[in-house]
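Chain and residue survey
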Amino acid sequence: ARRVLRGLPVLRTFCFHDSAGRLKHQRCATLQLPPSRPRRPPTGCRAGSTCDTHIHNFPSHSRQIRFAKSRRQTTVASSSVFLIPSSTVDVAATAMSTRGNGEAPSKQQGVVAASDLRLRGLQSAATAVVQQHSVEPSDDLRNERSRASFDAAELAVFLAGGADKMQTKDRLLALAKGFPGGEKASRANLTREEEHVAALQGAFNIWEKVLARELTREEGLMMRQLLELPSGIELHIGMWIPTLQALATPEQQRRWLDPSLRFQIIGTYAQTELGHGSYLRGLETTAIYDRQTESFILHSPTLTSTKWWPGGLGKTSTHAVVMARLLLDGKDHGPHPFVVQLRSLSDHQPLPGIKVGDMGPKLGYHGVDNGFLRLDHVRVDRDSML
Ligand SMILES: Cc1cc2nc3c(=O)[nH]c(=O)nc-3n(C[C@H](O)[C@H](O)[C@H](O)COP(=O)(O)OP(=O)(O)OC[C@H]3O[C@@H](n4cnc5c(N)ncnc54)[C@H](O)[C@@H]3O)c2cc1C
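Calculation criteria
- Residues numbered from 1 in each chain as written.
- Predicted model: local features only at pLDDT ≥ 70, side-chain atom pairs only at ≥ 80, totals over all residues.
- Heavy atoms only, no water.
- UniProt positions renumbered as here; feature names shortened; annotations may be inferred.
- Buried < 20%, exposed > 50% of the residue type's maximum accessible area, 1.4 Å probe, protein only.
- Helix = DSSP H or I, 4+ residues; strand = E, 2+ residues; numbered from the N terminus.
- Pairing = 2+ DSSP bridges.
- Salt bridge = Lys/Arg side-chain N within 4 Å of Asp/Glu carboxyl O.
- Phe/Tyr/Trp six-rings, centres within 6.5 Å; stacked < 30°, edge-to-face > 60°.
- Core = buried A, V, L, I, M, F, W, Y, C linked by side-chain atoms within 4.5 Å.
- Contact = heavy atoms within 4.5 Å.

With an unreviewed UniProt entry as reference, the chain is termed Acyl-coenzyme A oxidase, source organism Tetraselmis chuii. Reading the Subcellular location (unreviewed entry) entry of the UniProt record for the chain gives the comment "Peroxisome". The heading Cofactor (unreviewed entry) in the UniProt record of the chain holds the text "FAD".

Rendered as structure tokens:
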């Protein structure tokens, strides 16, 4: 309560009790809760303690919602958690009305404006303190590094595997910095969509250079590492192509591997299901062989059989190796790999019977569109089994 009176932000709602021990929750109730919300007194909170019971009423509390919000929305939400005296709200509301469009601002707008004022006030004070005591961080680092008991440049050459490799690394690193999203310092400012696109552009730039023989394959692989921006074609390079190289017949390789190496089709590897990760024998997706048409019918019979996680599946891939149980004349032969085309090569739309999409945001790894896939009696010819 003292912190509120001194005008400092409070990130938890304080519960106040009157002299008879009855709960007073006035600030929280009048300033933070929409009037339609029921105001139940929290149970079991002690006088003077912070109250977590009411915090769920604040806009930023739901972590799932907060995660999906933009940074701007999160800032507004978190600033409205501050407890602001009514007088400040009224001042801010009046200030808004004088420069506004004639409409009276709502109480909530007043709260947000007041918290903006409060934030700005706090920021300038905090900035002054930081500036007063600031030390140039690179000076600090330089100072610490100068005390090393070994030659850092020599160690870097050793770790790179020799002076030649170090030179190559430096050259590739400089090249990578020029790619979209290649500048790591500003990467955190990219939206998920921007990072996905930048990562794909970077990945394709590298492979175009490899195909044009401007880079060797090894240099291309090294550049992927140096760029450190995983993309929607990780699985294409890391699983789809190696699976075709290892399991496909020469005809199958002509059909899928050759266009994959030219990036005319993009593949992924769809094994994990919503209900089955490590326990592969539990996979539920079925591939029933139809002797009459000499084709397999691939189907997701349950919710838990939904393919879940494959990289590049959400937006990028046109094809997938789908692990499904082979059912031959009613006999279950366990999981086998099938090549399934997911999206049209002309407009990239999902083909009939295919439900495919992005899993949503993850903690990091935004460049990769991990996805889900459901198959509704999708037919593939018998040569699609690897
Ligand atoms: C970033 C990312 C990318 C992925 N990309 C793909 C992809 O491209 N294609 C694809 O098919 N899948 C992909 N996956 C899925 C991945 O293969 C699965 O997450 C993995 O197989 C584990 O399965 P699960 O998540 O269901 O965990 P579970 O199998 O449920 O395991 C959970 C925990 O239980 C433990 N555990 C499981 N079984 C046992 C046991 N018998 N005894 C003791 N402990 C056990 C595990 O070690 C783990 O700690 C990806 C996952 C991630 C996170």
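Don't stop here, the text continues.
1. Section: the pairing of strand β13 (residues 378-381)
By the alternation rule, side chains of β13 split into Val378 and Val380, which are all buried, and Arg379 and Asp381, of which none is buried. Here strand β7 (residues 295-299) pairs with β13 via four bridges, running antiparallel. Bridging from a neighbouring strand, Phe296 pairs with Val380 of β13.

2. Remarks on the pattern of salt bridges
This model, assessed by the stated rule, comprises 14 salt bridges. As a salt-bridge pair, Arg382 and Glu294 come within 4.0 Å of each other at their nearest N and O atoms. Within this pair, whereas Arg382 is found in the segment after β13, its partner Glu294 is found in the loop between β6 (286-290) and β7, the two being separated by 88 residues in sequence. Two residues, Arg325 and Asp332, come together in a salt bridge whose shortest N-O distance is 2.8 Å.

3. Here's the deal with the packing of aromatic side chains
As enumerated under the stated definition, the model contains three aromatic pairs in all. Here the aromatic rings of Tyr289 and Phe296 are separated by 5.0 Å at their centres, their planes lie at 50°, and the arrangement is tilted. For Tyr289, a relative accessible area of 14% gives the class buried. Its relative accessible area of 5% is what places Phe296 among the buried residues. Following the ring pairs from residue to residue traces out a cluster consisting of Tyr289, Phe296 and Phe338.

4. Some remarks on the nonpolar core
Residues Leu298, Val322, Val340, Ile354, Leu373 and Leu375 are the most contacted members of the largest nonpolar core, which totals 19 residues. Among the elements of the structure, β6, β7, β9 (319-328), β10 (331-341), β11 (354-358), β12 (371-375) and β13 are those that each provide at least two residues to this core. If we ignore the near neighbours within four places in the chain, the residues touching Leu373 are Ser300, Thr306, Lys307, Leu313, Val322, Leu342, Ile354, Lys355 and Val356. Trp207, Leu215, Leu227 and Ile237 belong to the second-largest nonpolar core, a separate cluster that totals 18 residues.

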